[in-house]
Amino acid sequence: MAVFVKENRKKLGLTQEEFAVRSGLGLRFIRELEQGKETVRMDKVNVALSMFDMEAVPGRKGE
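Reading guide: rules and limits
Residues numbered from 1 in each chain as written. Predicted model: local features only at pLDDT ≥ 70, side-chain atom pairs only at ≥ 80, totals over all residues. Heavy atoms only, no water. Buried < 20%, exposed > 50% of the residue type's maximum accessible area, 1.4 Å probe, protein only. Helix = DSSP H or I, 4+ residues; strand = E, 2+ residues; numbered from the N terminus. Contact = heavy atoms within 4.5 Å. 1 Å grid on protein atoms, 1.4 Å probe; cavity = no way out; pocket = protein on both sides within 12 Å on 5 of 7 lines; lining within 4 Å. Points joined across faces, edges and corners; volume = space filled by probe spheres on them. Nonpolar A, V, L, I, M, F, W, Y, C, P; charged D, E, K, R; others polar. Axes fitted to C-alpha atoms, helices over the stretch in contact; angles between N-to-C directions. Left-handed = near helix turned anticlockwise from the far one by under 90°. Core = buried A, V, L, I, M, F, W, Y, C linked by side-chain atoms within 4.5 Å.

S.K.: Run through helix α3 (residues 27–34), naming residues and quoting values.
M.R.: For α3, every residue scored as buried is listed here: Phe29, Ile30, Glu32, Leu33 and Glu34. Count one or two residues on from α3 and you reach glycine 36, which has phi positive near 85 degrees.

Shown next, in the form of structure tokens:
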């Protein structure tokens, strides 16, 4: 997820700061998400993913 968000943010030509403002999320959250922090809030993850018309859904690990 971290790599997906970072790569797609860069494809949009946005800095972390610009992405945070456009998504309505905090800069700290964006940084932690892109660094792969395991304890991020899923509701906020889905806000970030919605910028790419995507969302995280429950599923078995490894699928």
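Moving on, there is more to tell.
S.K.: Kindly report on the side chain of arginine 9, identifying the contributing residues and their values.
M.R.: Within the secondary structure, arginine 9 is located in helix α1 (residues 2–11). Under the relative-accessibility criterion, arginine 9 is labelled buried at 5%. The contacts of arginine 9, once residues within four sequence positions are left out, are Leu14, Thr15, Gln16, Phe19, Glu34 and Phe52.

S.K.: Please set out the layout of surface pockets residue by residue, giving values where relevant.
M.R.: Over the atoms, a rolled probe matching the size of one water molecule traces out where space is still vacant. Considered as a void within the structure, the largest pocket measures approximately 160 Å³ in volume. Lining the largest pocket, in full, are Met1, Ala2, Leu33, Gly36, Lys37, Glu38, Val40, Met42 and Val45. Grouping the amino acids of the lining of the largest pocket by side-chain chemistry returns 6 nonpolar, 1 polar and 2 charged.

S.K.: Outline the environment of phenylalanine 29, listing residues and values.
M.R.: With respect to the helices, strands and loops of the structure, phenylalanine 29 is situated in helix α3. Looking at phenylalanine 29, the relative accessible area reads 8%, which means it is buried. Through-space distance from the C-alpha of phenylalanine 29 to that of glutamine 16 is 9.9 Å; in sequence the pair is 13 residues apart.

S.K.: Outline the packing of helix α2 (residues 16–23) against α3, supporting the account with residue identities and numerical values.
M.R.: With their axes 9 Å apart at the nearest point, α2 and α3 run at an angle of 115 degrees to one another. Once α2 is placed against α3, the crossing between them reads as right-handed. Contact residues: Gln16, Glu17, Phe19, Ala20 and Ser23 in α2; Leu27, Ile30, Arg31 and Glu34 in α3. Broken down by class, the residue content of the contact of α2 with α3 amounts to 4 nonpolar, 2 polar and 3 charged.

S.K.: Quick one: what's the story with the nonpolar core, residue by residue and with numbers?
M.R.: Ranked by size, the top nonpolar core spans 14 residues in total, and within it Val5, Phe19, Phe29, Ile30, Leu33 and Val45 carry the most contacts. Counting only elements with at least two residues in this core, the list comes to α2, α3 and α4 (42–50). The contact partners of phenylalanine 19, leaving out residues within four places of it in the chain, are Val5, Arg9, Leu14, Ile30, Ala48, Met51 and Phe52.

Function cannot be read off these values alone, since they describe shape.
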